[in-house]
Amino acid sequence: MIKTTVMMTVATLMMAQAAFAGDCNISVDRKACPGKEVEAMKPYNGKNPTDETKKLDSAEACEKWAEKTSKIVRKGTLTEKKVSAKFDGKDLGKSFSDKAECK
């Protein structure tokens, strides 16, 4: 009986956590360095801007993902990257960006 109660409690908690997760949608706009357009957009099938969606627990987690995504990691191919975010369809009112020198 105790084992069944514990299992039901755990299952209820797991469902409650899933119920609070929301859709975080980010829009990423990239600006390629001159002459690097094809190389810079290749990972995105040539598309710009791109949209990505993740299930996250809060608007704050959505903002953190957007901020992390805004960082340019492929230096020398991108000169600028801008990211905006919505959580459950609501614009979070913040955008994040990063700039880098072209070589």
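Look up a bit, the structure's there.
Residues numbered from 1 in each chain as written. Predicted model: local features only at pLDDT ≥ 70, side-chain atom pairs only at ≥ 80, totals over all residues. Heavy atoms only, no water.

Draft legend 1. Representation of the sheet that holds strand β3 (residues 78-87) in the model. Reading across from one edge, β2-β1-β3-β4 is the order of the four strands in this open sheet, with antiparallel pairing throughout. Pairing within the sheet leaves two strands with one partner each, and these edge strands are β2 (50-56) and β4 (90-99). Strand-to-strand twist in this sheet, taken as the mean axis angle between neighbours without regard to direction, amounts to 20 degrees. Alignment of strand β1 (residues 22-32) against β3, held across nine bridges, turns out to be antiparallel. Across the sheet, the residue bridging to A32 is L78, located in β3. Of the strands in this sheet, β1, β2, β3 and β4 are in contact with helix α3 (residues 59-69), which crosses β3 at around 170 degrees. (Pairing = 2+ DSSP bridges. Helix = DSSP H or I, 4+ residues; strand = E, 2+ residues; numbered from the N terminus. Axes fitted to C-alpha atoms, helices over the stretch in contact; angles between N-to-C directions. Contact = heavy atoms within 4.5 Å.)

Draft legend 2. Highlighting the environment of K55. Tracing the backbone through its elements, the reader meets K55 in strand β2. For the pair formed by K55 and C24, sequence separation is 31 residues and the distance between their alpha carbons is 6.0 Å. Once residues lying within four places of it in the same chain are set aside, the contact partners of K55 are G22 and D23. Only 3.0 Å separates the side chain of K55 from the side chain of D23, close enough to count as a polar contact. (Polar contact = N/O pair within 3.5 Å; in protein donor to acceptor, adjacent residues only side chain to side chain.)

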